[in-house]
Structure formats: structure tokens, C-alpha cells
Amino acid sequence: LKELPPQLPIRYKWEFLVPGRSSFYSLETATIYDDQRFQWNFVTKNNITIWWHDRENNFGEELISVAEESLKKQKSVFGLEDDFPLFLVIENTENEQIAWNENSRLLFGGSTYPELGLTVHIITDTMSDKELNRTISHGISHIYFYNAVNHENTYPNWLDAGLAVYNESGTHSH
């Protein structure tokens with residue numbers, strides 16, 4: 001399953017076709033594509049789920065705090081009060097991401113799948129708190145922008161990218 005991000009939420013349902021009769025549908029079911037390369041930890045709080053591996057348990061709690069702070073700021077920027085689920089996956093090295101996404105060589109710090117509310121970040125052990133905050137805020141901004149434009153894909157990419165960089169700062173006084 002190359003090129004599927006780790007912890008990808010997958011929703012599906014079955015349709016049963018009976019010739020000469022109505023179709024029957026199963027209830028929608030959800031599952032997570034679990035990247036088996038690692039033993040993942042996760043924490044969920046206030047509609048935010050963080051997955052990480054090979055780090056202490058308090059790492060997830062720290063990231064939840066960073067994400068919650070970013071959400072507060074971005075709600076005011078985008079004017080959204082909706083609480084939609086956010087999924088953040090943390091990888092420790094660029095090579096971890098390249099293993100499932102060859103295109104990640106062209107990216108800086110991760111990948112975002114706004115229609116899924118999913119961001120995959122590369123957070124190294126040597127990253128400063130400031131860099132960590134910027135990286136998490138950047139990914140969340142892409143998801144908020146997608147929801148602010150009502151899931152339309154007609155906006156210019158530079159606007160989405162520019163707002164994501166703007167939201168990295170943590171302050172909006174400029």
C-alpha cells in the first residue's frame with residue numbers, strides 16, 4: 001500500500017446487488033490504515049488525535065497542547081467555530097516518510113491531506129520548540145483553509161501556502 005499515509009482513516013460500505021430486487025447497503029464502517037513498520041502510540045483530546053512512535057508518552061501530550069494553541073489562533077484567523085477532527089501523524093526522519101511517499105523529497109517537513117483532516121509531520125529529536133510549533137501550525141492551517149473555503153479546490157495554491165506560513169508565526173500582530 002505504498003503512498004498511503006500512516007494512520008489514514010478509511011471509511012467504506014458495501015452494496016449488495018440482488019438481480020431483480022433492490023440493492024442492500026451495509027452501514028458505513030471506519031478503520032485506520034496502520035503502518036506496521038512501527039509500534040504507534042496515540043492520544044486523543046478535544047477532537048485532535050496525535051500518533052507517534054519511539055518517543056516517550058508525554059511527547060503526545062506536548063503535541064496536543066501545541067495543536068490546541070494553534071487551533072485557538074487559527075479559529076480567529078479563519079473565522080471558523082466548527083470542531084472537525086484533526087489527525088496528526090509524527091514521523092522521526094525524512095526517510096520514514098520517503099518509504100511511503102516518494103514525492104516527500106520535494107516537501108518540507110511533511111504532507112497534509114486536508115480533505116481527511118490529516119497531517120503527517122517530520123519532527124526530529126533535534127528540532128527546537130519553535131520549529132515544532134511552526135511545523136504543527138503550518139499543517140493545521142492547510143486543514144483550516146480547506147474547511148474555510150467549504151472544501152472547494154478553486155482557490156490559488158499561493159493563498160493556501162501563504163496563510164500556512166503566516167500561521168506558523170504564532171502571533172498575528174503584523
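The rules we used
Residues numbered from 1 in each chain as written. Predicted model: local features only at pLDDT ≥ 70, side-chain atom pairs only at ≥ 80, totals over all residues. Heavy atoms only, no water. Helix = DSSP H or I, 4+ residues; strand = E, 2+ residues; numbered from the N terminus. Expected span 1.5 Å × (residues − 1). Buried < 20%, exposed > 50% of the residue type's maximum accessible area, 1.4 Å probe, protein only. Contact = heavy atoms within 4.5 Å. Patch = residues over 30% accessible without salt bridge, like charges linked within 9 Å, V, L, I, M, F, W, Y side chains within 5 Å. Areas by Shrake-Rupley, 256 points an atom, 1.4 Å probe, with all protein chains shown as cover. Salt bridge = Lys/Arg side-chain N within 4 Å of Asp/Glu carboxyl O.

Quick look at helix α1 (residues 58-78) now. The terminal C-alpha atoms of α1 lie 30 Å apart, and with 21 residues this matches the ideal 30 Å at 1.5 Å per residue to within 8%. Three or more residues of α1 are buried, namely F59, G60, L63, I64, V66, A67, E68, S70, L71, Q74 and F78. Considering only its buried residues, α1 is in contact with β5 (40-45), β6 (48-53), β7 (86-91), α3 (129-148) and α4 (157-168). Just past α1, the residue G79 takes up positive phi, approximately 65°.

Attention shifts here to a nonpolar patch on the surface. On the surface, I10, Y12, W14, F16, V18 and F24 cluster together into a nonpolar patch covering about 580 Å² of accessible area. Here V18 shows up in the loop between β2 (15-16) and β3 (24-25). For V18, a relative accessible area of 31% gives the class partly exposed.

Our focus in this paragraph is the pattern of salt bridges. Evaluation of the coordinates by the stated rule reveals seven salt bridges. Between E68 and K45 there is a salt bridge; the shortest N-O distance is 3.8 Å. Remark: K45 occurs in strand β5 and E68 occurs in helix α1; sequence separation between them is 23 residues. What makes E68 buried here is its relative accessible area of 18%.

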